[in-house]
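# Geometric and topological summary
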Amino acid sequence: MNFEFSEEQNLLREQAQGFLADNCPTTLVRRVLESDAPCDAELWKKIIAMGWTATTIPEDYGGLGLSYLELSIIAEELGRALAPVPFSSSVYLATEALLLAGSEAQKQHWLPKLASGTAIGCYAVAESAGRLSPNSLSTTVSGMNITGEKIPVADGDLADFAIVLARATSHATGDGVSAYLVDLHQSSVTREGVPTIDPSRSHARIQFDESDAELLGVPGEGWSLLQKIADRAAVLFAWEQVGGADTALNMAKEYAMGRFAFGRPIATYQAIKHKLTTIYVKNTLARSNCYYGAWALSTNADELPVAAATARVSAIQAYYFAAKENIQTHGGMGFTWEFDCQLPYRRSKLLATNIGSEALWQEKLITAIENRQLA
Amino acid sequence: MDFNDTPEEARFRKKAKQWLAANLPSSDELADLDYIGRAKLWQKKKYDAGWACIRWPKAHGGQDASAIEQVIWNQEEARCDRPDGVFGIGQGMCAPTMMAWATDEQNKRYLPKLASGEEIWCQMFSEPASGSDLAALRTRAVKDGDDWIINGQKIWTSGAHFSDYGVLVLRTDPRVPKHQGLTYFFIDMKSPGIEIKPIRQISGGANFSEVYFTDVRVADAQRLGAVGQGWKVALTTLMNERASIGDGGGGINFNTMFNLASKVNIDDQPAINDRSVRAKLANWYVQESGLKFTGYRSMTALSRGELPGPENSISKLVGAPKLQDMASFALDLLEASGAIWDPELSEDAGRFQAAYMNSPGIRIAGGTDEIMANIIAERVLGLPQDIRVDKGIPFNEIPTANS
């Protein structure tokens, strides 16, 4: 049995932790939260200089050609630090979409830029309230011109290009959905920031008005491509989530040890101890499921859909629980702007809604288990 | 990252598999035996072939095997349909305590017979008034020459009626604070003055007993650790209890729930098509998966010759309530017929009803959910202990419910 990171990978984790402790304290996260800046540009530059954006991009395209285990470690540490950068959009989603479905020319053009950080990609899929379906898509493509509105798009105001899901006008419903690659530096593209529950990460509304688009992948197979991208991104999102959940646990623990009530630390009360134990248990289960997801992603295993959904569901649950109970452990102080409890609370729900909610992934999990049994 | 054995582990696993395939007892061999006889027959077979208690030192009847070899053996044996469930406490909890605290001579006398299954051991800690607060136990031992004389009552003793020996903690000095007045012994269960009464459980079974002691003599030579050191010795046993109790199994899991939901209908459709059913199943799946892969991480540590982290302490705390919730939901899925508990009439011979009635005990045995949560909070998260109002007070001055 070898179900653990290697020694070199653990060294990478140590290095990442040290780097983020120095370069991404919560004061920096709060600075982005309290300003109009879409991210911390300095931190983003340093992350690029560390080579993290190049992690899984093959060397032929200017990347490092490392495995998804290395990327999992980076994701967990970025999540732990609540880093206010467009990493998830550009790396887990845009890079993965190109690796999965990009033509040789598209890969040649974009992957070296993504690796070197000279381009940022984003994932423009959501359109309106409620769960997206092939039938509900209203963004359309005629010829190679795309028209419609995507909201919210994580990092949409920063990005240079977007992966967009749209339907060909020649098809009325359901089928005819394809993924497109759209350069966002066109005059027909308008973008504006949208306020969210987590202003430490930026989100935008993007309007396309007959903008130029290129097909990404096979025409008409956009919906199934979306599922494949989501499965891969879900593992990496889940790692960010367990990293964040651990941050919430540590904040709660530290506060409970130091806060006295009725003459003793509140950490001596079972109501608090059991709360923190429940957080620890949920985090531990979620982290072990993330190992499973990382293994499936790094080996391209057939059970990736099961593993990804398992990691994603437990990570959503763990992070939300840890973040809300961290505030509760802090009492009134946890509800103040001054305290940092708000940061994981905001981020947990943002990451939970970004690529499909808990309910959506529960459904995907059972469907994937049914499919595995049929196989 | 992979799930493969190292070449050495693979060789060991193959050897274990081959031996098991060739040596599992046939139904003819087991035909005329009760479950204790069956368990003894299987244990002896393993012992004679060098597959019993393999992690123990050779001098004590084991094979000096590594921790990972023990895990591999356990996995392979668990895959087989074989007699089970009589030696767990003796081999898993009493033996490690003996190894740590008994004399060499005692270990030579008792451990090989425990390994071979010739003798069965039980553990007597809990009392009617001391469960979670174990150190509040009241069964007295008074020194009399080279013996101690025991009076009192133990409870929740698994297998007391078929055990040859047992370990127990007794109060030898009520005038000092509670942890300091305890002493640990092992005792012959056939000693005059021991009376065993099975306890009938809400599930209808009787897996536990009350054990009454009336002027029972035990030799001072059977004391483990110093007089007054019983708490420390008991911790050796309890540490091993946590390692051996696990999630308690319980006979139902995600797969049985999934199959049930595929079989019964909601509004003329298989229940598995219902969104709320699917969401519940998903939650149990991720819990089970989380426990499984947490176990794999511990196994990896063992395989690398490291000590596993504290992660495994969560297995009973997660597994037991999950079992209860699944059983409860299974009965709901069956609607009115969920109430029927009959081997002929119930779905799957009453498996779900049995789990419903057994699961409350699993949440309590070997440390309640609440005690397990305290242990994780204190030992894993490093949170401070609760304030104890009986701290430092002589045991005989601590208030009790009706005094």
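Residues numbered from 1 in each chain as written. Chains lettered and ligands numbered in written order. Predicted model: local features only at pLDDT ≥ 70, side-chain atom pairs only at ≥ 80, totals over all residues. Heavy atoms only, no water.

### Comments concerning the overall build of chain A
A tally of helices and strands in chain A yields 11 helices and 10 strands. Its C-alpha atoms put chain A at 75 × 50 × 40 Å along the principal axes. Partitioning the intrachain contacts of chain A with sequence separation of at least 6 by distance along the chain shows that 74% fall at a separation of at least 24. Carbon and sulfur atoms form 53% of the exposed surface of chain A, whose accessible area is close to 14,200 Å². The distance from the centre of the 30 positive side-chain charges to the centre of the 42 negative ones in chain A is 8 Å. (Helix = DSSP H or I, 4+ residues; strand = E, 2+ residues; numbered from the N terminus. Contact = heavy atoms within 4.5 Å. Areas by Shrake-Rupley, 256 points an atom, 1.4 Å probe, with all protein chains shown as cover. Lys, Arg positive; Asp, Glu negative; His and termini not counted. Charge placed at Lys NZ, Arg CZ, Asp CG, Glu CD.)

### Considering the overall build of chain B
Along the backbone of chain B there are 12 helices and 10 strands. A globule of 403 residues ought to have a C-alpha radius of gyration of about 22 Å, and chain B, at 23 Å, matches this closely. Looking at chain B residue by residue over its 403 residues, the buried ones come to 47%. Sequence separation of 24 or more characterises 69% of the internal contacts of chain B that already satisfy a separation of 6 or more. Carbon and sulfur atoms make up 50% of the accessible area of chain B, which amounts to about 19,200 Å² in all. (Rg over C-alpha atoms; globule rule 2.2 N^0.38 Å. Buried < 20%, exposed > 50% of the residue type's maximum accessible area, 1.4 Å probe, protein only.)

### Remarks on the domain arrangement of chain A
All names here are of chain A. On domain assignment, one finds that chain A holds domain 1 (7–118), domain 2 (122–220) and domain 3 (223–374). The distance between the C-alpha centroids of domain 2 and domain 3 comes to 28 Å. Facing 18 residues of domain 2, the contacting portion of domain 3 comprises 12 residues. Taken together, the two surfaces of domain 2 and domain 3 that pack against each other cover about 1,300 Å², and 68% of this comes from carbon and sulfur. (Domains from an automatic or database assignment. Buried area = accessible area lost by both parts, 1.4 Å probe.)

### Some points on the packing of aromatic side chains
Inspection of every chain in the model, using the stated rule, returns 36 aromatic pairs over all chains. Seen in terms of ring centroids, Phe 5 of chain A and Tyr 291 of chain A are 5.2 Å apart; in terms of plane orientation they differ by 50°. Their pairing is tilted. Of this pair, Phe 5 of chain A sits in the segment before α1 (7–23) while Tyr 291 of chain A is found in helix α8 (residues 270–299), placing the two residues 286 residues apart along the sequence. A residue is classified by how much of its surface remains accessible, and Tyr 291 of chain A, at 5% relative accessible area, is buried. Considering the side-chain rings of Phe 3 of chain B and Tyr 296 of chain B, the 5.5 Å spacing of their centres and the 65° angle between planes classify their relative orientation as edge-to-face. Of the two residues, Phe 3 of chain B is situated in the segment before α1 (7–23) and Tyr 296 of chain B in helix α9 (residues 275–303); the sequence distance between them amounts to 293 residues. Taken together, Phe 3, Phe 5, Trp 239, Tyr 291, Tyr 292 and Trp 295 of chain A together with Phe 3, Phe 293 and Tyr 296 of chain B form an aromatic cluster joined through their ring pairs. Just above the ring of Phe 329 of chain B sits the side chain of Lys 280 of chain B; from NZ or CZ to the centre is 5.0 Å. (Phe/Tyr/Trp six-rings, centres within 6.5 Å; stacked < 30°, edge-to-face > 60°. Lys NZ or Arg CZ within 6 Å of the ring centre and 35° of its normal.)

### Observations regarding the nonpolar core
Counting 177 residues, the largest nonpolar core has Phe 87 and Tyr 92 of chain A together with Leu 281 of chain B as its most contacted members. If you tally residues by element for this core, the top one is helix α7 (residues 222–258) of chain A, at 17 residues. Those residues in contact with Tyr 92 of chain A that lie beyond four places of it in its chain are Leu 71, Ala 75, Leu 78, Phe 87, Ala 233, Leu 236, Phe 237 and Glu 240 of chain A. Trp 56, Trp 121, Ala 135 and Tyr 165 of chain B belong to the second largest nonpolar core, which has 25 residues in total. (Core = buried A, V, L, I, M, F, W, Y, C linked by side-chain atoms within 4.5 Å.)

### Examining the interface of chain B and chain A
Contacts between the two partners involve 49 residues from chain B, matched on the other side by 43 residues from chain A. Summed over both partners, the interface of chain B with chain A comes to about 4,300 Å²; 64% of that surface belongs to carbon and sulfur atoms. There are 5 salt bridges connecting chain B and chain A. Close ionic contact of Arg 278 of chain B with Glu 370 of chain A constitutes a salt bridge, the shortest N to O distance being 3.0 Å. Between chain B and chain A we count 24 residue pairs in polar contact (both at pLDDT 80 or more) in total. Where the side of chain B that touches chain A is concerned, the elements lending two or more residues are α8 (254–263), α9, α10 (315–333) and α12 (369–380) of chain B. (Salt bridge = Lys/Arg side-chain N within 4 Å of Asp/Glu carboxyl O. Polar contact = N/O pair within 3.5 Å; in protein donor to acceptor, adjacent residues only side chain to side chain.)

### Let's talk about the layout of surface pockets
Residues and elements named next belong to chain A. When its volume is computed, the second largest pocket comes out at roughly 1,200 Å³. Looking at the second largest pocket, it is lined by 49 residues, and the ones nearest its centre are Ile 355, Gly 356, Ser 357, Leu 360 and Trp 361. Contributing elements (two or more residues each) for the lining of the second largest pocket: α5 (87–101), β3 (145–154), α7, α9 (304–330), α10 (342–354) and α11 (358–374). A total of 8 residues in the lining of the second largest pocket trace back to one element, the largest contributor, which is α11. Split into classes, the residues belonging to the lining of the second largest pocket amount to 24 nonpolar, 14 polar and 11 charged. (1 Å grid on protein atoms, 1.4 Å probe; cavity = no way out; pocket = protein on both sides within 12 Å on 5 of 7 lines; lining within 4 Å. Points joined across faces, edges and corners; volume = space filled by probe spheres on them. Nonpolar A, V, L, I, M, F, W, Y, C, P; charged D, E, K, R; others polar.)

### Quick word on empty space enclosed by the protein
Leftover empty space is mapped by rolling, across the atoms, a probe with the size of a water molecule. Residue and element names in this part refer to chain A. Here the structure, examined in full by the defined rule, presents 2 cavities of 30 Å³ or more. The class makeup of the residues in the lining of the largest cavity is 5 nonpolar, 1 polar and 3 charged. In this model, the second largest cavity occupies a volume close to 40 Å³. Around the second largest cavity, the lining residues are Tyr 123, Val 125, Ile 163, Leu 165, Ala 179, Gly 222, Leu 225, Leu 226 and Ile 229. Where the lining of the second largest cavity is concerned, the elements lending two or more residues are β4 (161–168) and α7. Among the elements that take part in the lining of the second largest cavity, α7 stands out by supplying 4 residues, more than any other. When grouped by side-chain class, the residues that make up the lining of the second largest cavity number 8 nonpolar, 1 polar and no charged. If you count residues domain by domain, the lining of the second largest cavity takes at least three from each of domain 2 (122–220) and domain 3 (223–374).

### Considering the packing of helix α4 (residues 68–81) of chain A against α7 of chain A
Residues and elements named next belong to chain A. For the pair α4 and α7, the least separation of the axes is 6 Å and the interaxial angle reads 40°. Overall, the two elements α4 and α7 adopt an arrangement that is oblique. The two elements α4 and α7 cross, and the hand of that crossing is right-handed. The residues of α7 that touch α4, namely those facing Tyr 68, Leu 71, Ser 72, Ala 75, Glu 76, Leu 78, Gly 79 and Arg 80, are Arg 232, Leu 236, Trp 239, Glu 240, Val 242, Gly 243, Gly 244, Asp 246 and Thr 247. (Axes fitted to C-alpha atoms, helices over the stretch in contact; angles between N-to-C directions. Parallel < 35°, antiparallel > 145°, perpendicular 65-115°, else oblique. Left-handed = near helix turned anticlockwise from the far one by under 90°.)

### Thoughts on the side chain of His 60 of chain B
Looking at the secondary structure, you find His 60 of chain B in the loop between α3 (35–49) and α4 (67–78). Residues contacting His 60 of chain B, with those up to four places away along its chain left out, are Met 99, Asn 107, Leu 111, Pro 112 and Ala 115 of chain B.

### Here we look at unusual backbone geometry
With an omega of -10°, the peptide bond between Ile 151 of chain A and Pro 152 of chain A qualifies as cis. At Leu 82 of chain A, a position not held by glycine, the phi torsion is positive, near 55°. With respect to the element layout, Leu 82 of chain A can be found in the loop between α4 and α5. A positive phi angle is found at Asp 348 of chain B, which is not glycine, with a value near 50°.

### Side note on the pairing of strand β1 (residues 121–124) of chain A
All names here are of chain A. Of the two faces of β1, the one carrying Gly 121 and Tyr 123 and the one carrying Cys 122 and Ala 124 are both buried. Both β1 and β4 contribute to a ladder of 4 bridges, which runs parallel. Directly across from Tyr 123, in β4, lies its bridge partner Ile 163. (Pairing = 2+ DSSP bridges.)

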